[in-house]
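What the coordinates show
Chain by chain, the residues:
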Amino acid sequence: EPVLAFDDVSFAYTPGEPVLRGLSFSAREGEKIALVGESGGGKSTIVNLLLGLYPLVDGTLTICGRNLTDLSVEELRASTGVVFQEPALFSGTVHENIAYGKPNATREEVIDVAKRASAHDFIMRFKDGYDTVIGERGLRLSGGQRQRVAVARAMLKDAPILILDEATSALDTKAERAVQAGLDELMKDRTTIMIAHRMSSIRGVDEILFIEGGKVVERGDHDALMKEDGRYARFVNLYHEANEWRIDG
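Residues numbered from 1 in each chain as written. Predicted model: local features only at pLDDT ≥ 70, side-chain atom pairs only at ≥ 80, totals over all residues. Heavy atoms only, no water.

**Let's talk about the packing of helix H4 (residues 107–116) against helix H6 (residues 143–157)**
Look at H4 against H6: their axes get within 8 Å of each other, and the N-to-C directions meet at 125 degrees. The orientation of H4 with respect to H6, classified from their angle, is oblique. Considering how the two elements wind past one another, H4 and H6 form a crossing that is right-handed. Here H4 contributes Glu 109, Val 110, Val 113, Ala 114 and Arg 116 to the contact with H6, which in turn contributes Ala 152, Met 155 and Leu 156. Of the residues in the contact of H4 with H6, the class split is six nonpolar, no polar and two charged. (Axes fitted to C-alpha atoms, helices over the stretch in contact; angles between N-to-C directions. Helix = DSSP H or I, 4+ residues; strand = E, 2+ residues; numbered from the N terminus. Parallel < 35°, antiparallel > 145°, perpendicular 65-115°, else oblique. Left-handed = near helix turned anticlockwise from the far one by under 90°. Contact = heavy atoms within 4.5 Å. Nonpolar A, V, L, I, M, F, W, Y, C, P; charged D, E, K, R; others polar.)

Now the structure itself:
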């Protein structure tokens, strides 16, 4: 049984202007799926529905075997962990920010996930270590440091479904490597849905879904889709020329 499944889902923010049109796909336990396509195709809307930010009107969305409409907001949030391009950190200590998904976490648990997220070393360089107060919106941390705190938080929460919205796209190469190491650890054995804007972030995914006009128009792994020479291949070649999608490592 899939961990999550969209079945003929249509959705419009404004009546008469559908963003998703009969979208269907599923993800099994531990499967990693990348959503790729031009902006405006519906990728972010898929994530918004998974997070319960908007009510589902047409079609069915099941999460961990239960219909979305039967889940409370709390149950839905408990089943999903997120790492976004701009992680939401709040003014508080590093420990509090990591423990946000599991408030009763011990210091040992927090340190363990920070190590696995490649965050422990830079945290220990702060004068107050884990008790260092992060300024408003995490402004005392660099982009790469903020992302590693967000990765550690998602690890500690340990939800069965992980949602990544291009978690490394705003980082330079060195910071990206450190964050990617944490993400690789976080994605292990977890069902992952990622919105990908870069080639480097889709290596190792099980399936790529090319989203266009609110539906899945192509699906497969990178090599198979490049051989098809369809929309995905054109998209990759176009972005490769623009050097936005880096094919590296």
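**A short note on the pairing of strand E9 (residues 161–165)**
With five of five residues buried, E9 is to be regarded as a mostly interior element. Going residue by residue along E9, you find Ile 161, Ile 163 and Asp 165 tucked away on one face and Leu 162 and Leu 164 tucked away on the opposite face as well. Two strands pair when backbone bridges link them, and strand E6 (residues 80–83) and E9 are joined in this way by four bridges, in the parallel orientation. Within E9, the residue paired with Val 83 across the bridge is Leu 164. Bridge count for E9 against strand E10 (residues 191–195) is five bridges, and the pairing is parallel. Each bridged residue has a counterpart across the sheet, and for Leu 162 the counterpart in E10 is Thr 192. Between the parallel pair E9 and E10, the chain is carried across by helix H7 (residues 173–187), and the sense of this crossover is right-handed. (Buried < 20%, exposed > 50% of the residue type's maximum accessible area, 1.4 Å probe, protein only. Pairing = 2+ DSSP bridges. Right-handed = clockwise from strand over helix to strand, strands pointing away.)

**Some remarks on the packing of aromatic side chains**
Using the criterion set out here, one finds seven aromatic pairs in the structure. Between Phe 122 and Phe 126, the aromatic rings sit 6.0 Å apart at their centres with planes inclined by 75 degrees, giving edge-to-face as the arrangement. Among the aromatic residues, those joined into a cluster by ring pairs are Phe 11, Tyr 13 and Tyr 54. (Phe/Tyr/Trp six-rings, centres within 6.5 Å; stacked < 30°, edge-to-face > 60°.)

**Overview of empty space enclosed by the protein**
If you walk through the whole model with that rule in mind, you get one cavity of 30 Å³ or more. Empty space within the largest cavity amounts to approximately 70 Å³. Around the largest cavity sit Leu 164, Glu 166, Ala 167, Thr 168, Gln 180, Leu 183, Met 187, Met 194, Ile 195 and Ser 201, which together line it. Looking at the lining of the largest cavity, the elements with two or more residues in it are H7 and E10. It is H7 that contributes the most residues to the lining of the largest cavity, three residues altogether. In terms of residue class, the lining of the largest cavity is built from six nonpolar, three polar and one charged. (1 Å grid on protein atoms, 1.4 Å probe; cavity = no way out; pocket = protein on both sides within 12 Å on 5 of 7 lines; lining within 4 Å. Points joined across faces, edges and corners; volume = space filled by probe spheres on them.)

**Things to note about a nonpolar patch on the surface**
Judged by side-chain polarity, Tyr 13, Leu 53 and Tyr 54 come together as a nonpolar surface patch covering roughly 290 Å² of accessible area. Tracing the backbone through its elements, the reader meets Tyr 54 in the loop between helix H1 (43–50) and strand E4 (58–63). What makes Tyr 54 partly exposed here is its relative accessible area of 35%. (Patch = residues over 30% accessible without salt bridge, like charges linked within 9 Å, V, L, I, M, F, W, Y side chains within 5 Å. Areas by Shrake-Rupley, 256 points an atom, 1.4 Å probe, with all protein chains shown as cover. Salt bridge = Lys/Arg side-chain N within 4 Å of Asp/Glu carboxyl O.)

The analysis is restricted to geometry; functional conclusions fall outside its scope.
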